2 protein chains.
Amino acid sequence: MSETAGGKHRQRSYVSALQVAERAGVSRSAVSRTFTEGASVSAATRKRVIEAAEALGYHVNHLARGLIQDRSNIVSLVATDLNTPYQAGLIHALTSRLQRAGKVAMVINTSGQTQSVEKALRQTLEYRADATVVLSGQPPGSLIQTCLTNGQHVIMLNRDDAVPGPDRLMVTNRAAAREAFLHLQAAGCRQIALVASEVGTASVVAREEAFVAAAAEAGTTVQVAHFGPTTYASGRALGRQMLARPQRPDGVFCVTDLLACGFMDAARSEFGLSIPDDLCVIGFDDIEQAGWSSFDLTTFRQPIDQIAARIISLLDEPPPPGTQREPIAFPAELIWRRSVRGTRR
Amino acid sequence: MSETAGGKHRQRSYVSALQVAERAGVSRSAVSRTFTEGASVSAATRKRVIEAAEALGYHVNHLARGLIQDRSNIVSLVATDLNTPYQAGLIHALTSRLQRAGKVAMVINTSGQTQSVEKALRQTLEYRADATVVLSGQPPGSLIQTCLTNGQHVIMLNRDDAVPGPDRLMVTNRAAAREAFLHLQAAGCRQIALVASEVGTASVVAREEAFVAAAAEAGTTVQVAHFGPTTYASGRALGRQMLARPQRPDGVFCVTDLLACGFMDAARSEFGLSIPDDLCVIGFDDIEQAGWSSFDLTTFRQPIDQIAARIISLLDEPPPPGTQREPIAFPAELIWRRSVRGTRR
DNA sequence: TCCAGCATTGCACCCGCGTGCAAATCTGTC
DNA sequence: GACAGATTTGCACGCGGGTGCAATGCTGGA
């Protein structure tokens, strides 16, 4: 049992299938088959193998397994600003569902400088991830293309890059934005405004466009303001700036809850306004804080759990080689709270 | 160049080093050496290899590389409640630093049922992660032990399990908790209380113990309340319950900012109390929301960036085989805002 | 008892790549 | 031009494990 292979002290820490085979008195193939689903092993040898494996603390080496089979069971999650409530919620939902499905999540944070992003994205390829899920950020289209040509399953959430190939999921941004306008109007707001960041994410742009279009259809115009990244601080800065205008907004649609929270805080702490009496606010995402009583924000919910579930199920439906699948749409439900006057319709 | 291997359509999607070698007119070893740091290749062949590699879209297969070398460059991050601001902040800081260091993060979410957690933890071993970083959650000690005996570098944050071996980092919970008590006392609070969840995390327990001890040393006692998980909702429920007591607390230390936010919201929206006039609140963690003007919460900051940086640097300092290293302590700095009467000392 | 039919098993090869070793090439000096 | 030494290169092996193929063992029916 203890064979000192040579002079070099053999520090190899992990147990290999060969060692298990020797201990169980079977061939290495038998060990391999024991841990391969659907392989042919008798109950007797399987039992002996498993006992030996447990005694030795054996764990199949997925690196080696992934080398042979064409699947590594690694799914890479690409996102920016993981510390944001919305992104964090997505990562949470996805990681927990992924591991329930026996897969493993590799998280790529694209918040850093572009160079590091490319490097990270490349890791996805280097580790032969089965799929890449893009949740946010602006990974260069060329890299996405590389993922595709290497046979990866690419899934994109709420972004409509022109590259054909990826599966796409999106929430009904446009319909929601129209609805937001109508509600603000119905609440009697006279100076309606749109609050957005300077980041041109697909979904944010869609919300803005649809909101402005809805106003135009209603024969009105709305104030539009952009500032900085999509954060609480930006919302706050926008509030400070916009609420000081002569034509002070009394109804705003913030393209993100985080912006809305900042805007509300500016309204209350810097202008002493009361919500919804002096100012109605509608957000988007329904992050946890929107439900906190300090905000009680009426907002559109992104059905994170459903989205995550669908992404997981997509992983089992490899995309047909040549064709492009239609985007999958999820309705963004309006969660009616107290930041808008009046009651639900 | 185009040799159809046989009848089977060769759908293999990734480019291998062999293909690059053929195209560059060199041996496969040359390709390997080109992408291996410190290997001996002439500038000329390196150039030809790199050109061929780019033309073909070659990416080194890290699964295969990890098979040979004893490092996979994978670091697994184990955490619960990733959607929590504090955890999300940690994951954010760690993933971005990891990829800057050329490593890759595998995220294991231990929020699900124990069974799935064990499965996930096992993945860490199956993918031969170089290190496992435990940020939260209660992974079974036996699995941690398995990680250790297989030569993994285990790093634990803010938890003092009895298992020897892992590197440990922690913030100065006890000193902070004492400080919290003294500040509440200095602010003139007469009915001081401790608000905690029912989850017995090491750091939460330490904060509670030290707070109670500080009160005892001062010849007083404090009310102590526990409820549910460590969430906003629990804080809110505790607020609703405790503030209705005949001896209503006028100064509370919440072991977590999330609890504090919930408690504050209960105080204001359900009891009409004003903070800090009627009630002083101190939290812990300094999550982003603590700085929002709706809360303006005086709290202890966990130096997330420093912690993350230290964890990354630890990865390059493999632990000495037999010995146990001393825990690394980080001071939790008090961030003075407006939820406590008076000014900084 | 004999033999067809099926479940198991072991052998050998391969996945993609790093690396020791020896052969081949290059460099510089006399 | 010759030759010792330094690079560079290719060959071959092995990392750990899946799997086709043929050999083996087992079952059951005639």
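Everything discussed here concerns the structure shown above.
Residues numbered from 1 in each chain as written. Chains lettered and ligands numbered in written order. Predicted model: local features only at pLDDT ≥ 70, side-chain atom pairs only at ≥ 80, totals over all residues. Heavy atoms only, no water.

## Considerations on a nonpolar patch on the surface
- On the surface, A:Leu67, A:Ile68, B:Leu67 and B:Ile68 cluster together into a nonpolar patch covering about 410 Å² of accessible area.
- Listed by contribution, the elements that provide at least two residues to the nonpolar patch are α4 (62-68) of chain A together with α4 (62-68) of chain B.
- Topologically, B:Leu67 is positioned in helix α4.
- B:Leu67 gets classed as partly exposed once you look at its relative accessible area, which sits at 35%. (Patch = residues over 30% accessible without salt bridge, like charges linked within 9 Å, V, L, I, M, F, W, Y side chains within 5 Å. Areas by Shrake-Rupley, 256 points an atom, 1.4 Å probe, with all protein chains shown as cover. Salt bridge = Lys/Arg side-chain N within 4 Å of Asp/Glu carboxyl O. Helix = DSSP H or I, 4+ residues; strand = E, 2+ residues; numbered from the N terminus. Buried < 20%, exposed > 50% of the residue type's maximum accessible area, 1.4 Å probe, protein only.)

## Examining the interface of chain B and chain A
- At the junction of the two partners, chain B supplies 63 residues and chain A supplies 63 residues.
- For the pairing of chain B and chain A, the buried interface totals around 5,700 Å² over both sides, and the portion due to carbon and sulfur atoms is 56%.
- If you sort the residues of chain B by the area they bury against chain A, B:Tyr14, B:Leu63 and B:Arg128 come out on top, with a joint share of 14%.
- Viewed at the interface, chain A and chain B are joined by zero salt bridges.
- At the boundary of chain B with chain A, the tally comes to 26 residue pairs in polar contact (both at pLDDT 80 or more).
- When residues of the side of chain B that touches chain A are traced back to their parent elements, those giving at least two are α4, α5 (85-100), β2 (104-109), α6 (114-126), α10 (232-242) and α11 (257-271) of chain B.
- At nine residues, α5(B) tops the list of elements feeding residues into the side of chain B that touches chain A.
- Residue composition of the side of chain B that touches chain A, by class: 25 nonpolar, 27 polar and eleven charged.
- Of the pairings in the sheet, the one linking strand β2 (residues 104-109) of chain A to β2(B) comprises three bridges and is antiparallel in character. (Contact = heavy atoms within 4.5 Å. Buried area = accessible area lost by both parts, 1.4 Å probe. Polar contact = N/O pair within 3.5 Å; in protein donor to acceptor, adjacent residues only side chain to side chain. Nonpolar A, V, L, I, M, F, W, Y, C, P; charged D, E, K, R; others polar. Pairing = 2+ DSSP bridges.)

## A word on the pattern of salt bridges
- Under the counting rule described, the total for this entry stands at 24 salt bridges over all chains.
- A salt bridge links A:Arg301 to A:Asp286, with the nearest nitrogen and oxygen atoms 2.7 Å apart. With A:Arg301 in strand β10 (residues 298-301) and A:Asp286 in the loop between β9 (280-285) and β10, the pair connects residues that are 15 residues apart, well separated along the chain.
- Judged by relative accessible area, which is 34%, A:Arg301 ranks as partly exposed.
- Residue classification places A:Asp286 among the buried residues on the basis of a relative accessible area of 15%.
- Where B:Arg97 meets B:Asp305, a salt bridge forms, and the shortest distance between an N and an O atom there is 3.5 Å. Within this pair, whereas B:Arg97 is found in helix α5, its partner B:Asp305 is found in helix α12 (residues 304-315), the two being separated by 208 residues in sequence.
- One network of salt bridges, in which partners are shared, links A:Arg236, A:Arg240 and A:Glu270.

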